[in-house]
Amino acid sequence: MQCCKITLGRLIWIGRRNLGLSQRELAAEIKTIDYILLSKIENDRIEIRGSDYDFLIDFLVEFFKLDREYVETIRQQTEPEPRHL
């Protein structure tokens, strides 16, 4: 993750930690993803800017009571981190 800008993964991590939820617990609330995929999203390991993840934006806005435009802005600036092997 880049140190100077927030990513969607970091936003989710912060919100989850502020509520005292584990990845498993938050994934259970989301219902359409498991904790493994949530981990990849939080660590910016997958591309989330496509329409396949619109449901996640809807969930985040509702669950964390966030401004949709703010979340979309963060989503669009989030780029997957390269894997270092």
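Scroll up for the structure.
Residues numbered from 1 in each chain as written. Predicted model: local features only at pLDDT ≥ 70, side-chain atom pairs only at ≥ 80, totals over all residues. Heavy atoms only, no water.

**Side note on the nonpolar core**
Put simply, the rule is: Put simply, buried Ala, Val, Leu, Ile, Met, Phe, Trp, Tyr and Cys residues joined by side-chain atoms within 4.5 Å make one nonpolar core. Burial status follows relative accessibility: with a 1.4 Å probe on protein chains alone, a residue under 20% of its type maximum counts as buried, one over 50% as exposed, and anything between as partly exposed. Only DSSP runs of H or I covering at least 4 residues are called helices, and only runs of E covering at least 2 are called strands; the numbering of each starts at the N terminus. Every residue pair with non-hydrogen atoms within 4.5 Å of one another is taken to be in contact.
The biggest cluster of nonpolar side chains holds 21 residues, and the ones touching the most others in it are L8, I12, L26, I41 and L60. The set of elements that each furnish at least two residues to this core consists of α1 (8-18), α2 (23-30), α3 (35-42), α4 (54-63) and α5 (68-77). Of all the elements, α4 adds the most residues to this core, at five residues. Ignoring any residue separated from it by four or fewer positions in sequence, one finds I41 in contact with G9, I12, I33, I46, I48, Y53 and L56.

**Details of the packing of aromatic side chains**
Heads up, the rule is: Working definition: a ring pair exists when centres of Phe, Tyr or Trp rings (six-membered ring for Trp) sit within 6.5 Å. Plane angles under 30 degrees give stacked, over 60 give edge-to-face, the rest tilted.
Here the structure, examined in full by the defined rule, presents three aromatic pairs. Both rings, one in Y53 and one in F55, keep their centres 6.0 Å apart while their planes meet at 35 degrees; by these two values the pair is tilted. Note on F63 and F64: the rings are 5.1 Å apart at their centroids and 80 degrees apart in plane angle, and the pair reads as edge-to-face. Classification of F63 as partly exposed rests on a relative accessible area of 25%.

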